[in-house]
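# Report on the structure
Here is how the chains run, residue by residue.
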Amino acid sequence: VQLQASGGGLVQAGGSLRLSCAASGRTFSWYVMGWFRQAPGKEREFVAGISRNGINTNYVDSVKGRFTISRDNAKNTVYLQLNSLKPEDTATYYCAADSAGNWFVVAPRRRDEYDYWGQGTQVTVSS
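Heads up: these notes are all about the structure in this document.

Criteria and thresholds
- Residues numbered from 1 in each chain as written.
- Predicted model: local features only at pLDDT ≥ 70, side-chain atom pairs only at ≥ 80, totals over all residues.
- Heavy atoms only, no water.
- Salt bridge = Lys/Arg side-chain N within 4 Å of Asp/Glu carboxyl O.
- Buried < 20%, exposed > 50% of the residue type's maximum accessible area, 1.4 Å probe, protein only.
- Helix = DSSP H or I, 4+ residues; strand = E, 2+ residues; numbered from the N terminus.
- Polar contact = N/O pair within 3.5 Å; in protein donor to acceptor, adjacent residues only side chain to side chain.
- Contact = heavy atoms within 4.5 Å.

### Quick notes on the pattern of salt bridges
- Across all of its chains, the model carries 6 salt bridges by this definition.
- Notably, a salt bridge pairs Arg37 with Glu45, separated by 2.7 Å at the nearest N-O pair.
- Residue class for Glu45 comes out partly exposed when judged on its relative accessible area of 32%.
- As a salt-bridge pair, Arg110 and Asp112 come within 2.5 Å of each other at their nearest N and O atoms.

### Examining the side chain of Arg37
- As for its position among the elements, Arg37 is in strand β4 (residues 32–38).
- The class for Arg37 is buried, based on a relative accessible area of 6%.
- Side-chain polar atoms of Arg37 contact the side chain of Asp89, separated by 2.9 Å.
- Within the structure, the side chain of Arg37 is placed 3.0 Å from the side chain of Tyr93, a separation counted as a polar contact.
- Non-local contacts of Arg37, meaning those with residues more than four positions away in its chain, are made with Glu43, Arg44, Glu45, Val47, Ser62, Val63, Phe67, Asp89, Ala91, Thr92 and Tyr93.

Worth remembering: the numbers are spatial, not functional.
So this is what it looks like as structure tokens:
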């Protein structure tokens, strides 16, 4: 599956962005989806994940209550709504697909669990 992330940009602290990740090439609903981010000089970290059926979601603690992950299997797209952005959210955001797991399984948090990665979209939050 090929993944194309978009929606990043420059925003002031407290602002919002909506990231999208469009998939092509394989049946999108086969994949558990995750969003990761990587800031300069730091490791890539898990941000949010969503099960194949779109019901089960999980988040890193630092974004709970501010970010929301969702998916539309009919449109082959996963979204990440970023609200109340902070300067420390500045990073390149990547979407990723995991081909393992059943319809309900929660998205894994480890990078090496994911089989496919998008190219990343830059989010910059100014203070």
